[in-house]
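Here are the chains, one letter per residue:
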Amino acid sequence: MATDASRLVLHALTLSANGVDLFVETIGHGGDPAVLLIMGNSAPGLLWPDDFCRGLAERGFFVIRFDQRDTGLSSYVNYDLAPYTLDDLVKDALGILDGLKIDRAHVVGLSQGGVLAYRLALSAPSRVESLAVLMSSPDLRPKNDAFTGAPVRAGELPRPAADYVAAVIALNAAVPADEEGVAVQFVENFRLAKGAASPFDEGDWLAMGRAVASRPRLRRDGLSTRMANHSHHSKAQMATPPLTAEDLHALRLPVLIIHGAGDPIFPLPHAQWAVAQIVGARLRILDGMGHALDRAFFAPITEALVPFFESAISQIGAGTLD
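The present account deals with the structure reproduced in this document. Because the structure is predicted, anything quoted here is derived from the model rather than measured.

1. A closer look at the sheet that holds strand S8 (residues 282–286)
Part 1: If you trace the eight strands from one edge of the open sheet to the other, you get S1-S2-S4-S3-S5-S6-S7-S8, paired in mixed fashion. At either end of the open sheet lies a strand with only one pairing partner, and these are strand S1 (10–17) and S8. Looking at each pair of strands side by side, their axes are set apart by 20° on average, direction ignored.
Part 2: In this sheet, strand S4 (residues 62–66) lies alongside strand S2 (residues 20–27) in antiparallel orientation, the contact comprising four bridges. Bridged to Ile27 within S4 is Val63.
Part 3: Here helix H3 (residues 112–123) sits on the sheet and contacts strand S3 (34–38), strand S5 (105–110), strand S6 (128–134) and strand S7 (255–260); the angle it forms with S5, its principal contact strand, is near 145°.

Printed below as a string of structure tokens:
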């Protein structure tokens, strides 16, 4: 059967929520089950690549990606005058569902977006059909502490390797001089994040880096966030308490954790600890994957997500969840 071409067209709009304007793109039919994609630290929605989104839309889902505040084409704020936490970013995401008049969605979060997805499910469980967490950890402190040089906490989850941290700090020590320099720095950050064993589609990543780099020009105001640990999102992380085992145990909905065996930012024990705390959670480990959504992993991730979404709908319809 031929795919309905209208499923594959990206539609852009701006929604106001929680005091900010948020740039949103949707793909698929509005009547299909909704999938809300939440990207990571200081990353605009286009880091959920078009082809990845189309792959989900082709399978019958209404896919939503968006620029969080302080990224992309959404509102930028003066953090010193108006500080916020990750829970404010959760409220932004809920505002998008409200603006699109979506009661419930499958929520998929990557990296920091995974933490937002957990917190959204805890704060508004009636809005979440299922929860999928990619390349993430409930506790961002080991990552943040590795970059700030804070002492090791007793019993903490593994930190990123010291050589990875040093390489990232060195790479981002200088602000690029022009748009192409921003794009190249973006590519090199993800080359480090992908880990040693992951494929890396150079053309894809450079095209994405150029799209990210062009955002300040498209905004017309020149505003642009710094990446990763230099961003307002990192300040929000540090202002937000980590999720606890008790928090995760309180989740009562279908949860799928997808993690790379070679993730250099959140080593595999982060995912293993999370799944051990969540009743009924499933863990899918992808060999070779690190901390970058490369084209090589679109198919295996989609093939894990789609039956999980379908199963979650069946479970809720049958009333089998506690």
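Having seen the structure, we can now continue with the description.
2. Structural notes on the environment of Met39
Part 1: Along the chain, Met39 turns up in the loop between S3 and helix H1 (50–58).
Part 2: In this structure, the C-alpha to C-alpha distance between Met39 and Gly113, residues 74 residues apart in sequence, is 4.9 Å.
Part 3: With residues up to four places along the chain from it excluded, the contact list for Met39 reads Pro44, Leu47, Trp48, Gln68, Leu110 and Gly113.

3. Points about the layout of surface pockets
Part 1: Taken as a whole, the second largest pocket spans an internal volume of roughly 240 Å³.
Part 2: Forming the walls of the second largest pocket are 16 residues, and the residues nearest its centre are Leu46, Pro49, Asp50, Asp204 and Met208.
Part 3: Secondary-structure elements contributing two or more residues to the lining of the second largest pocket are H1 and helix H7 (202–219).
Part 4: At six residues, the largest contribution of residues to the lining of the second largest pocket is made by H7.
Part 5: Broken down by class, the residue content of the lining of the second largest pocket amounts to eight nonpolar, no polar and eight charged.

4. Digging into the packing of helix H6 (residues 179–193) against H7
Part 1: Packing of H6 against H7 leaves a shortest axis separation of 8 Å and a crossing angle of 135°. Relative to H7, the element H6 lies oblique. As for how H6 packs across H7, the hand of that crossing is right-handed. Residues Glu179, Glu180, Val182, Ala183, Phe186, Val187, Phe190 and Arg191 of H6 form the contact with H7, whose participating residues are Glu202, Trp205, Leu206, Met208, Gly209, Arg210, Val212, Ala213, Ser214 and Arg217.

5. Re the packing of aromatic side chains
Part 1: In this structure the tally under the stated criterion is ten aromatic pairs.
Part 2: Between the aromatic rings of Phe61 and Phe309, the centroid separation amounts to 5.3 Å while the plane-to-plane angle is 65°, which identifies the pairing as edge-to-face. In this pair, Phe61 is assigned in the loop between H1 and S4 and Phe309 in helix H11 (residues 298–318), connecting sequence segments 248 residues apart. Note on accessibility: Phe61 and Phe309 belong to one class, buried.
Part 3: Ring centres of Phe200 and Trp205 lie 5.5 Å apart, and the angle between their planes is 5°; this geometry places the pair in the stacked category.
Part 4: Assessed through its relative accessible area of 16%, Phe200 is described here as buried.
Part 5: Of the residues examined, Trp205 reaches a relative accessible area of 4% and is grouped as buried.

6. Here's the deal with unusual backbone geometry
Part 1: Even without glycine at this site, Asp70 takes up a positive phi of about 65°.
Part 2: Tracing the sequence through the fold places Asp70 in the loop between S4 and helix H2 (86–99).
Part 3: At Ser111, a residue that is not glycine, the phi angle is positive and equals roughly 60°.
Part 4: When you line up the elements, Ser111 lands in the loop between S5 and H3.
Part 5: Given the relative accessible area of 11%, Ser111 is considered buried.

What counts, and at which threshold
- Residues numbered from 1 in each chain as written.
- Predicted model: local features only at pLDDT ≥ 70, side-chain atom pairs only at ≥ 80, totals over all residues.
- Heavy atoms only, no water.
- Pairing = 2+ DSSP bridges.
- Helix = DSSP H or I, 4+ residues; strand = E, 2+ residues; numbered from the N terminus.
- Axes fitted to C-alpha atoms, helices over the stretch in contact; angles between N-to-C directions.
- Contact = heavy atoms within 4.5 Å.
- 1 Å grid on protein atoms, 1.4 Å probe; cavity = no way out; pocket = protein on both sides within 12 Å on 5 of 7 lines; lining within 4 Å.
- Points joined across faces, edges and corners; volume = space filled by probe spheres on them.
- Nonpolar A, V, L, I, M, F, W, Y, C, P; charged D, E, K, R; others polar.
- Parallel < 35°, antiparallel > 145°, perpendicular 65-115°, else oblique.
- Left-handed = near helix turned anticlockwise from the far one by under 90°.
- Phe/Tyr/Trp six-rings, centres within 6.5 Å; stacked < 30°, edge-to-face > 60°.
- Buried < 20%, exposed > 50% of the residue type's maximum accessible area, 1.4 Å probe, protein only.

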